[in-house]
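# Fold and geometry: a report
Below, each chain spelled out in residue letters.
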Amino acid sequence: MNSTIDLKNFKHKMIINIRWSDMDAIGHVNNATYLTYLEEARICYLNDVINWNSKVDGIILASVNIN
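A brief structural summary. Everything numeric in this text was worked out from a predicted model, so none of it was measured.

Using the criterion set out here, one finds four salt bridges in the structure. The partner of Lys-8 in a salt bridge is Asp-6, with the nearest N and O atoms 3.5 Å apart. According to the relative accessible area criterion, Asp-6 is partly exposed, its value standing at 36%. Residues Arg-19 and Asp-22 are paired through a salt bridge, measuring 3.4 Å at the closest nitrogen-oxygen approach. Connected through shared salt-bridge partners, Arg-19, Asp-22 and Glu-40 make up one network.

Attention now moves to a nonpolar patch on the surface. On the surface, Tyr-34, Leu-35, Leu-38, Leu-61, Val-64 and Ile-66 cluster together into a nonpolar patch covering about 540 Å² of accessible area. Take Leu-38: it is sitting in helix 1 (residues 33-50).

Assignment of secondary structure puts Ile-18 in the segment before helix 1. Once the C-alpha coordinates of Ile-18 and Tyr-37 are considered, the two residues, 19 residues apart in sequence, prove to be 9.0 Å apart. The residues touching Ile-18, leaving out its near neighbours within four places in the chain, are Met-23, Val-29 and Tyr-37.

This part takes up helix 1. Taking 1.5 Å of rise per residue, the 18 residues of helix 1 would be expected to cover 26 Å, and the 26 Å separating its terminal C-alpha atoms lies within 8% of that figure. Turning to helix 1, its buried residues number three or more, namely Thr-33, Tyr-37 and Leu-46. Looking one or two residues beyond helix 1, the residue adopting positive phi is Asn-51, at roughly 55°.

In the structure shown here, the tally under the stated rule is one aromatic pair. Plain terms: the ring middles of Tyr-34 and Tyr-37 are 5.8 Å apart, the flat faces sit at 85° to each other, and that makes the pair edge-to-face. One end of the pair is Tyr-34 and the other is Tyr-37, both in helix 1 and three residues apart, which spans about a single turn. Taking relative accessible area as the criterion, Tyr-34 reaches 39% and is therefore assigned partly exposed. Given the relative accessible area of 9%, Tyr-37 is considered buried.

What counts, and where the lines are drawn
- Residues numbered from 1 in each chain as written.
- Predicted model: local features only at pLDDT ≥ 70, side-chain atom pairs only at ≥ 80, totals over all residues.
- Heavy atoms only, no water.
- Salt bridge = Lys/Arg side-chain N within 4 Å of Asp/Glu carboxyl O.
- Buried < 20%, exposed > 50% of the residue type's maximum accessible area, 1.4 Å probe, protein only.
- Patch = residues over 30% accessible without salt bridge, like charges linked within 9 Å, V, L, I, M, F, W, Y side chains within 5 Å.
- Areas by Shrake-Rupley, 256 points an atom, 1.4 Å probe, with all protein chains shown as cover.
- Helix = DSSP H or I, 4+ residues; strand = E, 2+ residues; numbered from the N terminus.
- Contact = heavy atoms within 4.5 Å.
- Expected span 1.5 Å × (residues − 1).
- Phe/Tyr/Trp six-rings, centres within 6.5 Å; stacked < 30°, edge-to-face > 60°.

Have a look at this one:
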């Protein structure tokens with residue numbers, strides 16, 4: 001199984017910096033941190049695609065599931 005993702009097929013990209021506080025003592029990213037990464041990417045996507053203004057335009061995220 002090839003787990004490499006070819007990013008050139010995606011129209012929107014964002015680099016997420018992994019913070020020291022996101023990791024445990026041996027450098028693994030905490031599972032709950034991925035939701036923070038997804039939230040950052042979602043906000044960036046909305047800003048880029050529809051010029052979303054978080055102070056004016058409200059959006060409710062009602063449910064998130066990660067497997």
